Every structure is written in C-alpha cells, then in structure tokens.
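Working through the structure, step by step
Below are the chains, spelled out letter by letter.
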Amino acid sequence: MATGTLRDAFVDELRDSYDSEKQLIKALKKMAKAAKADELRSAFESHLEETQGQVERLEQVFGLLDEKVKGKHCDGIAGIIEEGSSVMEEDFDDATMNACLIASGQRAEHYEMAAYGTLVAWARALGLDDAADLLQQTLDEEKAADEKLSSLAEGGINEEAAGSGTDDDDDMSEDEPSARSKPAKVAAPRKTNGGPARAARARA
Ligand SMILES: [Fe+2]
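Quick caveat, the model's predicted, so the values are computed rather than measured.

1. Re the coordination of the iron ion
Here the iron ion is held by the protein donor atoms Glu21 (OE), Glu21 (OE), Gln54 (OE1), Glu112 (OE), Glu112 (OE) and Glu142 (OE), which lie 2.1 to 2.8 Å from it. Viewed at the metal, the six donor atoms of the iron ion are separated by angles of 50 to 158 degrees, and the geometry they form is irregular. Read from N- to C-terminus, the donor residues coordinating the iron ion fall into the pattern E-x32-Q-x57-E-x29-E. Here the residue glutamate 21 occupies a position in helix α1 (residues 6-34), and glutamine 54 occupies one in helix α2 (residues 38-65), the gap between them amounting to 33 residues. Considered together, glutamate 21 and glutamine 54 belong to a single accessibility category, that of buried residues.

So this is what it looks like as structure tokens:
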C-alpha cells in the first residue's frame, strides 16, 4: 500500500527548489559577467543577492517542518541552465547576447515561479501557513525579477538587438553581412523538404 503523503511530496519539492536555487547562484554569476549592458548586469546581480536570501528562506522552511536541510538534484533547472550556457558560447553581437541572456533568465524565472506557486499552494493546503508566507515572499521576488527582465527587453534591448546587423544600421558588423548583400550562392541540391527544385525556387 502506498504510504507517501502530500507532506512528503512537499518536502521533496522543497529539496528540489533548494538545489535549484544553488544551481542558479552559480548561473547568475556567469550571466552577470556575460551581460553587455550595465542595467542588465545589475539586474542579474541583484537577483543573485535575492537568490542567496531565498536559499536561507528555504532553510527556515525546513526548520519549521523539522526536516533536514538537504537538496535533491533538480534536473529541470539544470537543463535550463545548460541551454543558457550554450547560448553564451555563441558568437552573437552584444545586443543580441543581451536579448538571449534575458530569454534564458526568464526561462529560469518561469520555472521557479511554477515551483514556488505549487509550494505555496501545498503549504496552505497542509495548514503550514508560516511556511506558505515565507515561500510567497520568494514567489513575489521571482515574479518581480521576471518583470524586470521583461521591462529591460521591451525597454530597448530587443529593439537594439533587432537593429544590429541590418542594412539600415550604419555601424553594421562587417563579418555579418545581411542576406541582401551576401554574394549569390548556388544552392546545393537538397534531399529533403521538396528536393532540389524546391530549394532552387526558394532561392530565386
Ligand atoms: Fe530563485
């Protein structure tokens, strides 16, 4: 007979989040270093500070439950961080890199918002109101961090990225010619997507 309860699942989720915050502390340091705009760098740095507080808050919740402070490897956030790291290795111009860092950061924030949303709801359902209040504070911080990233993206970073490397831009990067100025190339025959005839039509 199954013996696991919602309280067990709750503790398990807490351990998952504890590990995920620790992974994010390392990732946010790298993202702050990779940011090519002061405002974006300081957004990552201030969320890094908040994240350290979130780790402490989770320790408090473990204390309230009389549970050992322990993380459990979070594969979900590891995957999101891994994707973010490969983007950082790309040879993007500065503005595009900033837009990509925001995209990666927001994926992580949304993952955390989902996790804390569940944790708050479960804590309330279990009658653990003190724990719920602590977790709600973290959820609010994650939402604010997400909104901050949106406001940076929409407040100029995306537009700047969209303008970099186009013909309209005088300081267009030399090594990234636009499609229009590229020398015409003969399409190699393609075996998929309709074959060579379709590829040639697409080029015409
Ligand atoms: Fe967090």
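We are not done yet, so read on.
2. Quick look at the layout of surface pockets
As a volume, the largest pocket reaches approximately 370 Å³. As for the largest pocket, its lining consists of 26 residues, and the residues nearest its centre are Leu24, Ala27, Leu28, Met31 and Ala108. Elements with a contribution of two residues or more to the lining of the largest pocket: α1, α2, α3 (75-88), α4 (94-125) and α5 (129-163). With nine residues, α1 is the largest single contributor of residues to the lining of the largest pocket. Of the residues contributing to the lining of the largest pocket, the split by class is twelve nonpolar, seven polar and seven charged.

3. A closer look at a positive patch on the surface
On the surface, Lys26, Lys29, Lys30 and Lys33 cluster together to form a positively charged patch. With respect to the helices, strands and loops of the structure, lysine 33 is situated in helix α1.

4. Concerning the side chain of aspartate 146
Within the element layout of this structure, aspartate 146 appears in helix α5. An unpaired buried charge is present at aspartate 146: no salt bridge exists, and lysine 143, the closest side chain of opposite charge, is 9.5 Å distant. Apart from the residues within four sequence positions on either side, aspartate 146 is in contact with Gln106, Glu109, His110 and Met113.

5. Structural notes on a negative patch on the surface
Where like charges cluster on the molecular surface, the negative patch consists of Glu82, Glu83, Glu89, Glu90, Asp91, Asp93, Asp94 and Glu160. With respect to the helices and strands, the residue glutamate 160 is situated in helix α5.

What counts, and where the lines are drawn
- Residues numbered from 1 in each chain as written.
- Predicted model: local features only at pLDDT ≥ 70, side-chain atom pairs only at ≥ 80, totals over all residues.
- Heavy atoms only, no water.
- Donors = N, O, S within 2.8 Å, 3.2 Å for Na, K, Ca; no water.
- Tetrahedral: all angles 85-135°; square planar, octahedral: opposite > 155°, others 65-115°.
- Helix = DSSP H or I, 4+ residues; strand = E, 2+ residues; numbered from the N terminus.
- Buried < 20%, exposed > 50% of the residue type's maximum accessible area, 1.4 Å probe, protein only.
- 1 Å grid on protein atoms, 1.4 Å probe; cavity = no way out; pocket = protein on both sides within 12 Å on 5 of 7 lines; lining within 4 Å.
- Points joined across faces, edges and corners; volume = space filled by probe spheres on them.
- Nonpolar A, V, L, I, M, F, W, Y, C, P; charged D, E, K, R; others polar.
- Patch = residues over 30% accessible without salt bridge, like charges linked within 9 Å, V, L, I, M, F, W, Y side chains within 5 Å.
- Areas by Shrake-Rupley, 256 points an atom, 1.4 Å probe, with all protein chains shown as cover.
- Salt bridge = Lys/Arg side-chain N within 4 Å of Asp/Glu carboxyl O.
- Lys, Arg positive; Asp, Glu negative; His and termini not counted.
- Charge placed at Lys NZ, Arg CZ, Asp CG, Glu CD.
- Contact = heavy atoms within 4.5 Å.

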